[in-house]
Amino acid sequence: MTSIRKNKWFMAGLYILVFFLLAEWLAPVIALTETGHKNLFLIFIGMSLIMALLQVPWWISGIIKTLYVLWFAVYVYTDEVFFTRDAIRFLWDNFTNDFSAVLSQDWVGTTDIFRTVLFFALLWMAVYLIHYWVSYRLSIFLFYLLTVVFIAVLDTFSPYTGNTAIIRIMVIGLLLAGLLHLARWLERHHIELSGNKIAAYIIPLVLTVSAAAALALYLPKSGPIWPDPVPYITSFSEQAGSGPGGEVGRIGYGVDDSQLGGSFIGDDTPVFRATVANGQYWKVESKDIYTTKGWELTENVGDSFLYGNGEFISTDFEPGEPALRDNALVSMEQSFPFVLYPYGTESILMDQNVDYQYDSADQRIETYSDGTEIEPEVYEVAYSEPLYSLTALQAASDEDLAELPAEFDRFKQLPAELPQRVRDLAVEITEDDDNIYAKTRAIERYFSTAGFEYSQEDIPVPEEDQDYVDQFLFDTKTGYCDNFSTSMVVMLRSLDIPARWVKGFNEGELVDQNGEEETYQITNNNAHSWVEAYMPGVGWMLFEPTIGFTGASAIDFDVETETDELEDPVMPERPDPLAAEEEEVAADAADNGPSLWSRFEQYTEEHRKTILWSLAGIAAAALMLFKLRQKWLPAVLIPYYRSRGNNASTFEKAYLRLLKQLDLYGIKRREGQTLKSYASYIDSFFGTHDMTKLTQAYEKSVYGGKGETVQWQELKESWENLIKQTSG
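Residues numbered from 1 in each chain as written. Predicted model: local features only at pLDDT ≥ 70, side-chain atom pairs only at ≥ 80, totals over all residues. Heavy atoms only, no water.

Observations regarding the pairing of strand β3 (residues 270-276)
Now for step 1: Note that β3 and strand β19 (residues 517-523) share 6 bridges and pair antiparallel. Directly across from Thr275, in β19, lies its bridge partner Thr519.
Now for step 2: Note that β3 and strand β8 (residues 326-332) share 4 bridges and pair antiparallel. Its bridge partner being in β8, Ala274 is matched across the sheet by Val330. (Pairing = 2+ DSSP bridges. Helix = DSSP H or I, 4+ residues; strand = E, 2+ residues; numbered from the N terminus.)

In structure tokens form, the structure reads like this:
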């Protein structure tokens, strides 16, 4: 051997990296199989690598490893002390049982100890192979490649998330590859290096890999080039979906909501396409009985109404103004025996002879032809989004709730087992609000301000004695739409505000635009749940508590408008603040006279080098800050505009600043593109409705001359959401 292999410190560094690489193999296996005692397995790997590094004779290392495996079996599966008679008898009984099962090929009859020993044997062989590759071949490429493939496959086809694991593997692999390349190069050229000289080679490698990893983490990431293959593969399985007991399910519309919870994997299988004026929430049905674990529907309540093709359909939501009526063309790519409809639906039209049965119990619109249930393929929906009076909403009080008829009682139902702290939290959230609408909005906003997180992974199912809402509100604070929407409904009901849980699909992704018409692709990933609450004197309204989703009801701020306003008024020119600043600087320079200039020349002559280096450093720092301004500007803009007044002028400036920030982010507004069209594109890009909401308010303020209607305090949250998005 050459000296590089005899250098124990160099080889120890290699084995430490190998240990971390093996740990990346072990972590997902432990997580997915729900195997405990991860640290004991890591100790076995570390012990095996140390003995390989020290070149302990095989028969000694074999005895030590065997004893460790036997000790592990006794320690984990019994309460006995190792080497006692009972421990030895336990091992012998299991050995004879497993040996007989293997001979008879009765694999089901083998014990957990047998499977544990096989796993240790796998680790044993893995350590031996890596020892051979590192110490004799000075190459780890094959194992490194297998590790990357292993983690990538698990990340794609299992609940295991390998985002950070891939990063760690890349860093470890690059370091190992670099060190082993150095070792091969030294051997090839018969170069012997001392420890100090080896360090001189290693330090640049470590710095380069660290810098590359930091840069890779820091740079913005583009979305995936290819769609997720899992939904396509799992779509062929009839059992795809969420199973009981918290199994990982495939996201999408389902019927059984009695057991909520558990994780989901994404599924971008198309459900339908909608050509519409702007993105809509597509309602399917609602449910009213909360069971502490999920939702069910009250039987034998409400009435069913039958409507013909193109007839006006009366739902719980009155359409808005006729002048604002739009048509939506829906093309189904999955088959359902009902229609998905937007809020404010007036009528539905198909080419064939169809009857629409509206059930007031769950608000679902089922489709029939000659009395037989059918699955629509293409249909057109005429709708006008409901518009709610802010004055009427603010007038609804607790006294009005007491006067509601008995038909609303089912929307105030709560199980007797509901923990008291859920009710107490609802009271605490709304204690400063004096009307029903304000209380509902306070609960809707609570989730975005109280440390909750949106995730579809690692979501638990409540235990038998645990309430689904209580677990989310006080224990996990992490979940997806079902967690947020159910929690809001339950808290509203605890305040005697009628509320119901609604299922359907959100807007989807904007995929095409032709004039004012927009085409959205809605997939299984867009399956969603939200909240409808009843405002006395006003009616049912949509509310969206889920973080990252912005569905909302349109509010009329009850302000009188002028009829002779210009459609496209020209914005008045505003003075350029930069020109004023330049004039002030020039005036100051003139007042100071030549004496100041003389002193400046003398100072620069005496400190020329210092000044040059300082200017170079400042220029480099300024250039870096300028290049990275997209990253840090949001952190400055948010507190700045929070401190400004809550008026139309502040909102207009904030909106224009947002346009600049989006341009910096790389989402440029095309020449001639309207603000409305640009806002739709921004919302489709980020999956929100914030930009459309802000743009409507901006156009109403600037072009409509209705600055007094702007509620900057309410719009601020949408603005901050978008500003934060641009820093990613």
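After that view of the structure, there is still more to cover.
Overview of the packing of helix α13 (residues 420-429) against helix α15 (residues 468-476)
Now for step 1: Closest axis-to-axis distance for the α13/α15 pair is 9 Å, and the angle between their directions is 65°. Our classification of the angle between α13 and α15 gives roughly perpendicular. Crossing angle aside, the handedness with which α13 passes α15 is left-handed. Residues Arg421, Val422 and Leu425 of α13 lie in contact with α15, whose contacting residues are Val469, Asp470, Leu473, Phe474 and Asp475.
Now for step 2: A class-by-class count of the residues in the contact of α13 with α15 yields 5 nonpolar, no polar and 3 charged. (Axes fitted to C-alpha atoms, helices over the stretch in contact; angles between N-to-C directions. Parallel < 35°, antiparallel > 145°, perpendicular 65-115°, else oblique. Left-handed = near helix turned anticlockwise from the far one by under 90°. Contact = heavy atoms within 4.5 Å. Nonpolar A, V, L, I, M, F, W, Y, C, P; charged D, E, K, R; others polar.)

Some points on the environment of Tyr128
Now for step 1: Looking at the secondary structure, you find Tyr128 in helix α6 (residues 112-137).
Now for step 2: Counting along the chain gives 80 residues from Tyr128 to Ser48, while the straight-line C-alpha distance between them is 8.5 Å.

So, the pattern of salt bridges
Where charged atoms from two side chains of opposite charge approach closely, those side chains can pair.
Now for step 1: In total, this model carries 17 salt bridges according to the counting rule given.
Now for step 2: Its salt-bridge partner being Asp86, residue Arg89 comes within 3.0 Å of it at the nearest N-O pair. In this pair, Arg89 and Asp86 both sit in helix α5 (residues 85-103), 3 residues apart, roughly one turn of the helix.
Now for step 3: Assessed through its relative accessible area of 39%, Asp86 is described here as partly exposed.
Now for step 4: Glu366 serves as the salt-bridge partner of Arg364, at 3.2 Å between the closest nitrogen and oxygen. Glu366 carries the same exposure label as Arg364, and that label is buried.
Now for step 5: Bridged by salt links that share partners, the residues Asp257, Glu285, Lys287 and Lys503 form one connected network. (Salt bridge = Lys/Arg side-chain N within 4 Å of Asp/Glu carboxyl O. Buried < 20%, exposed > 50% of the residue type's maximum accessible area, 1.4 Å probe, protein only.)

Considering a negative patch on the surface
Now for step 1: Taken together, the side chains of Asp424, Glu428, Glu431 and Asp432 make up a negatively charged region of the molecular surface.
Now for step 2: Residue class for Asp424 comes out partly exposed when judged on its relative accessible area of 42%. (Patch = residues over 30% accessible without salt bridge, like charges linked within 9 Å, V, L, I, M, F, W, Y side chains within 5 Å. Areas by Shrake-Rupley, 256 points an atom, 1.4 Å probe, with all protein chains shown as cover. Lys, Arg positive; Asp, Glu negative; His and termini not counted. Charge placed at Lys NZ, Arg CZ, Asp CG, Glu CD.)

Considerations on the packing of aromatic side chains
Now for step 1: Taken as a whole and assessed by the stated rule, the structure comprises 45 aromatic pairs.
Now for step 2: On the basis of an interplanar angle of 70° and a centroid distance of 5.7 Å, the ring pair of Phe19 and Phe20 is categorised as edge-to-face.
Now for step 3: By relative accessible area, Phe20 is classed as partly exposed at 42%.
Now for step 4: For the pair Phe264 and Tyr480, a centre-to-centre distance of 5.2 Å together with 80° between the ring planes defines the contact as edge-to-face. On the criterion of sequence distance, the pair formed by Phe264 in strand β2 (residues 264-265) and Tyr480 in the loop between β16 (478-479) and α16 (481-494) is long-range, its members being 216 residues apart.
Now for step 5: The class for Phe264 is buried, based on a relative accessible area of 16%.
Now for step 6: Of the aromatic side chains, those joined through ring pairs into one cluster are Phe41, Phe44, Tyr68, Trp71, Phe72, Tyr75, Phe119 and Phe120.
Now for step 7: A cation sits over an aromatic face here: Lys477 above Phe452, 5.2 Å from the ring centre. (Phe/Tyr/Trp six-rings, centres within 6.5 Å; stacked < 30°, edge-to-face > 60°. Lys NZ or Arg CZ within 6 Å of the ring centre and 35° of its normal.)

So yeah, pure geometry; function would need other evidence.
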